[in-house]
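Close look at the chain arrangement
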Amino acid sequence: MSERTPNASAGRAAIAIALGALGLVGCALPGALRFQRAIEREGTIERTLGEGLRDLARSCDLCHGHDGNGASQYYPRLAGQPAAYLEAQLDAFAAGTRGAPQMQPLALSLTPDERRAISTYYASFAAAPNTGLAPAPSDPRAAELSRACTACHGSSFEGAEMPVRAPRLAGQGQEYLARQLVAFRSGARVDPAGTMSAIARSLGDREIETLADHLARR
Amino acid sequence: MAASVDRRSFLRSAVAAAALAGAPSRAWASGPQRDGVLDVIVIGAGLAGLTTARDLARAGNDSFAVLEARERVGGRTLNHALRNGAWSEVGGQWIGPGQTAVADLARELEIETFESEYRGRSVYRYGEGRVTVRTDGEVANEPQLTAELEALARALPAEQAWNADGAAALDRISLADWLDARDARPLDRLTFQIASILEMGVSPSRLSLLHFLTMIRCAGSLARLEAQKDGAQERRFHGGSQLLSIRMAEALGEGVRLGHVVRAIRGWDREVVEVVTTRGALRAHSVVMALSPPLCERIAFSPALPAARRELQRRWPAHAPQMKAAAIYPSAFWFDAGFNGQVFAVDGPVIWSYDNSPPDHRLGVINAFLRAGEMPSDPALAERAVTRVLADSLRDDRLLTPLEFHVQDWGREEFTLSCVSPLPPGLLTSGLMPALTDGVGALIWAGSETADVWRGFMDGAVRSGHRAALLALQSLRSQRRA
């Protein structure tokens, strides 16, 4: 341990003291300097984006991951999703047409402008590879099963606005994908054209697992 | 009717219940069931529901059932059993000054408390940045901002702050808006951001300033709300916080029915209500809803609930699930190096880690609040993600190889949904708040969310349970008279 340990005294932010100590002792504390630089960088991002949006995104990031590129397979990844798709989902949560007990109150607390802005924000990030999956052998039937998805979701499952608003599937959370297919199959989730319900009803549990795992690893 | 409790009759019931509590009598009892109808059904076997049932039993009433969806009691408190008979809490766990209701309950159940171990140095992380500070369990915010927040909080009434003069103006803005208006520096914003995420599961722009102020008002000061030393996180329960519920349920015996998922409540506007569960229907004269509003929203009511209650349930936040890990080691060796096990991180999977070892140190335990989105679902990858932060921050590679590693994601629990309620700007003064507590027909609302003080804490849950039992007893009295 090369770093000195300042004492927190009453009425002063603990970190501030540590950073303040930099000036007092006049020596370079690399870790503390890097901490300070991270804060300054954050301030720059906030000025660019607007403090409100950046702060709202921090709440969303808690489940969806930094910049919407989460490691969780349970909570959906938002990075690189079509903005119109994300906005339509937030609108559907607020209206109650897509049942999601955790998302409905949150969507209702946002104005339509905020829903649009946060959708554009997450759509603007490139989707990073899904690295939160343990290695597993691929199922030979997976590619065949997933071929049908490309018609709407794009040749690389990257999502599309046309001909229908279809989310990105590549690299999406494996548990999330499986849960959605089960929800489409049971009727708990419905898509406007009914396409997903029809497709999901043709899939067995094993096929849903295979498909979700295959898409999550794209 | 439980809907409008006039103060005098409420107090009469309170006095009667208190008198009966000492010496159980049959004065209020009607036998377990009369014509197949119970006096009271309590939905939810967390601290609120079990406190309700316990009070009913102590008042001599044994005509009740507590219905619990899970195969366990305790709601948002949960002990992970560890090797050597040790435990680590992965839900609500602390008790602090002023939390007298849960303190009284613990004393009655003969559950002791002990002080959290927080002496030593904490590490603050942001990206590659790392700062070490001797905190000793204290949280010190920027003094000017703290003084202004505390002055605003002190001006509020202790209860129903949303009715206070000027409440609407404080509820219209978020904590972030207020920090903006005060031109807070990035560092000070950061400390409030960490506090907001830890306490309420959201960043400051999603948190009503009025809501934050009511929490400070309740705790007495910002430091008391946030700190371990002399604060709301000061002490733990021997045997873990879930033991409170386990002891109560043991005493209630067959009155508690596990694995009963309530799907529908019919005829709540009548004298006899039907509660439909996955294991059949039960009938009662009163129903105590010891559940958070978003969980009430999952139940089908017929007739439909009044519009204000429906709207409140729809809008009540359920998006602060919280995720906690427990990493178990042969000993609490971090204290030897002067660390208290605490890491505060602005990014990455860990939000805040802290020592959670058993008091006799038969094992070393570090618990951590986590960012669920940064946590891989695969158990081995999850363990690596957390222990890497701990080892790198506390500079000890022994932290990379825990004996056991547990994760609890409350967001995946359909019978919890959310641990805390970060009220967004506008909800407290929307006019919907009376619907949080005002009973309708045979329904009595309970749960920590309904408490006058320490809302969202274990203490609030216990308070709400006492209140619900009194309302149920009073309702029975008036029914018997009629």
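Residues numbered from 1 in each chain as written. Chains lettered and ligands numbered in written order. Predicted model: local features only at pLDDT ≥ 70, side-chain atom pairs only at ≥ 80, totals over all residues. Heavy atoms only, no water.

Our next topic: the overall build of chain A. Scanning chain A from N- to C-terminus turns up 11 helices and 0 strands. Secondary structure of chain A in N-to-C order comes out as α-α-α-α-α-α-α-α-α-α-α. Out of the 218 residues belonging to chain A, those deemed buried represent 52%. In chain A, the share of contacts with a sequence separation of at least 24, taken over all contacts with a separation of at least 6, comes to 60%. Surface exposure of chain A reaches about 10,300 Å², of which carbon and sulfur atoms provide 57%. (Helix = DSSP H or I, 4+ residues; strand = E, 2+ residues; numbered from the N terminus. Buried < 20%, exposed > 50% of the residue type's maximum accessible area, 1.4 Å probe, protein only. Contact = heavy atoms within 4.5 Å. Areas by Shrake-Rupley, 256 points an atom, 1.4 Å probe, with all protein chains shown as cover.)

The next point concerns the overall build of chain B. When its secondary structure is counted, chain B shows 15 helices and 20 strands. The burial tally for chain B puts 63% of its 482 residues in the buried class. When contacts within chain B are restricted to residue pairs at least 6 apart in sequence, those whose partners lie at least 24 apart make up 73%. Surface summary for chain B: the accessible area is close to 17,400 Å², and the carbon and sulfur share equals 50%.

Here the focus is the interface of chain B and chain A. You'll often see interface size given as the accessible area lost when the parts meet. Taken together, the contact between chain B and chain A spans 57 residues of the former and 57 residues of the latter. Interface of chain B and chain A: buried area, both sides summed, is about 4,800 Å²; carbon and sulfur atoms make up 59% of it. The largest per-residue losses of area from chain B upon contact with chain A belong to Y126, R206 and R314 of chain B, which jointly make up 13% of the total buried on that side. At the boundary of chain B and chain A, one finds 1 salt bridge. For the salt bridge of R412 of chain B with E175 of chain A, the shortest nitrogen-to-oxygen distance reads 2.7 Å. At the boundary of chain B and chain A, one finds 19 residue pairs in polar contact (both at pLDDT 80 or more). Looking at the side of chain B that touches chain A, the elements that each hand over two or more residues are β7 (121–126), β8 (129–134), α6 (175–181), α7 (186–200) and α12 (307–315) of chain B. The biggest single contributor to the side of chain B that touches chain A is α7 of chain B, with 7 residues. (Buried area = accessible area lost by both parts, 1.4 Å probe. Salt bridge = Lys/Arg side-chain N within 4 Å of Asp/Glu carboxyl O. Polar contact = N/O pair within 3.5 Å; in protein donor to acceptor, adjacent residues only side chain to side chain.)

The subject of this paragraph is the side chain of Q99 of chain B. Tracing the backbone through its elements, the reader meets Q99 of chain B in the loop between β5 (94–95) and α3 (100–108). The contact partners of Q99 of chain B, leaving out residues within four places of it in the chain, are W94, A232, W454, F457 and D459 of chain B.

Moving on: α3 of chain B. Residue and element names in this part refer to chain B. Three or more residues of α3 are buried, namely A101, V102, L105 and A106. Buried positions in α3, seen along its axis, are confined to an arc of 135° and lie on one side of it. Looking one or two residues beyond α3, the residue adopting positive phi is E110, at roughly 60°. (Arc of directions from axis to C-beta.)

Time to look at the pairing of strand β17 (residues 350–355) of chain B. Residue and element names in this part refer to chain B. Most of β17 sits inside the fold, with 6 of its 6 residues counted as buried. Alignment of strand β16 (residues 339–345) against β17, held across 2 bridges, turns out to be antiparallel. If you follow V343 over to β17, its bridge partner there is S353. Once β16 ends, the chain turns through 4 residues before running back antiparallel as β17, passing G348 with a positive phi of about 85°. (Pairing = 2+ DSSP bridges.)

This paragraph deals with the sheet that holds β5 of chain B. All names here are of chain B. Across the sheet, 3 strands lie side by side as β5-β9-β6; this open sheet has antiparallel pairing. For this open sheet the edge positions go to β5 and β6 (113–115), each flanked by a neighbour on one side alone. Direction of pairing for β6 relative to strand β9 (residues 235–237): antiparallel, over a ladder of 3 bridges. Across the sheet, E115 pairs through a bridge with R235, a residue of β9.

Residue and element names in this part refer to chain B. The strand order across the open sheet built from 7 strands is β8-β7-β16-β17-β18-β15-β19, with neighbouring strands paired in mixed fashion. A strand with exactly one partner marks an edge of an open sheet, and here the two such strands are β8 and β19 (404–409). Taking the axes of each pair of neighbouring strands and ignoring which way they run, one obtains an average angle of 20° across the sheet. The sheet strands contacting α7 are β7, β16, β17 and β18 (364–370), and the helix crosses β17 at an angle near 75°. Across the sheet, helix α13 (residues 379–394) touches β7, β8, β15 (323–329), β16, β17, β18 and β19, and the angle it forms with β16 is around 115°. (Axes fitted to C-alpha atoms, helices over the stretch in contact; angles between N-to-C directions.)

This part is about the confidence of the model for chain A. Residue and element names in this part refer to chain A. Model confidence for chain A is summarised by a mean pLDDT of 84, while 82% of its residues fall at 70 or above. Summarising per-element confidence for chain A, the mean pLDDT is lowest in helix α1 (residues 14–25) (46) and highest in helix α9 (residues 174–186) (97). Low confidence marks residues 1–13, where pLDDT is under 50. Its contacts with residues over four positions away, or in another chain, come to 41 contacts. Taken as a whole, residues 20–28 scores under 50 in pLDDT and shows 9 contacts with residues more than four places along the chain or in a different chain. (pLDDT = per-residue confidence, 0-100.)

With that settled, consider the environment of V90 of chain B. Residues and elements named next belong to chain B. One can find V90 in the loop between β4 (87–89) and β5. Classification of V90 by relative accessible area gives buried; the value is 0%. Sequence-wise, V90 and G240 are 150 residues apart; in three dimensions their C-alpha atoms are separated by 9.4 Å. Apart from the residues within four sequence positions on either side, V90 is in contact with L78, H80, K324, A326, Q408 and W410.

Next up on the list: the packing of aromatic side chains. All names here are of chain B. For the structure shown, the criterion picks out 16 aromatic pairs over all chains. On the numbers, 6.0 Å between centres and 35° between planes, the contact of W94 with W352 is tilted. One end of the pair, W94, is in strand β5; the other, W352, is in strand β17, with 258 residues separating them in the sequence. The pair formed by W94 and W352 is uniform in burial state, with each residue classed as buried. Looking at R398, its charged tip hangs above the ring of F333, at a distance of 4.0 Å from the centre. (Phe/Tyr/Trp six-rings, centres within 6.5 Å; stacked < 30°, edge-to-face > 60°. Lys NZ or Arg CZ within 6 Å of the ring centre and 35° of its normal.)

Moving on to the pairing of strand β13 (residues 280–290) of chain B. Note on strand geometry: in a regular strand, side chains alternate between the two faces of the sheet. All names here are of chain B. Within β13, 8 of the 11 residues are buried, which leaves it mostly tucked inside the rest of the structure. Taken together, the 5 bridges between strand β1 (residues 38–43) and β13 define a ladder with parallel strand orientation. Bridge assignment links V40 to a residue of β13, and that residue is S286. Note: strand β12 (residues 273–277) against β13, 5 bridges, orientation antiparallel. Of the residues in β13, the one forming a bridge with E274 is R283. Examined bridge by bridge, β13 and strand β20 (residues 443–446) share 4 bridges and lie parallel to one another. Each residue of the ladder has a partner; that of A290, found in β20, is A446.

In this section: the pattern of salt bridges. All names here are of chain B. Within the structure shown, the criterion is met by 32 salt bridges over all chains. The partner of R125 in a salt bridge is D392, and the shortest N-O contact between them spans 2.9 Å. Placement of R125 in strand β7 and of D392 in helix α13 is noted, with a sequence separation of 267 residues between them. Overall, R125 belongs to the buried group, its relative accessible area being 8%. For D392, a relative accessible area of 38% corresponds to the partly exposed category.

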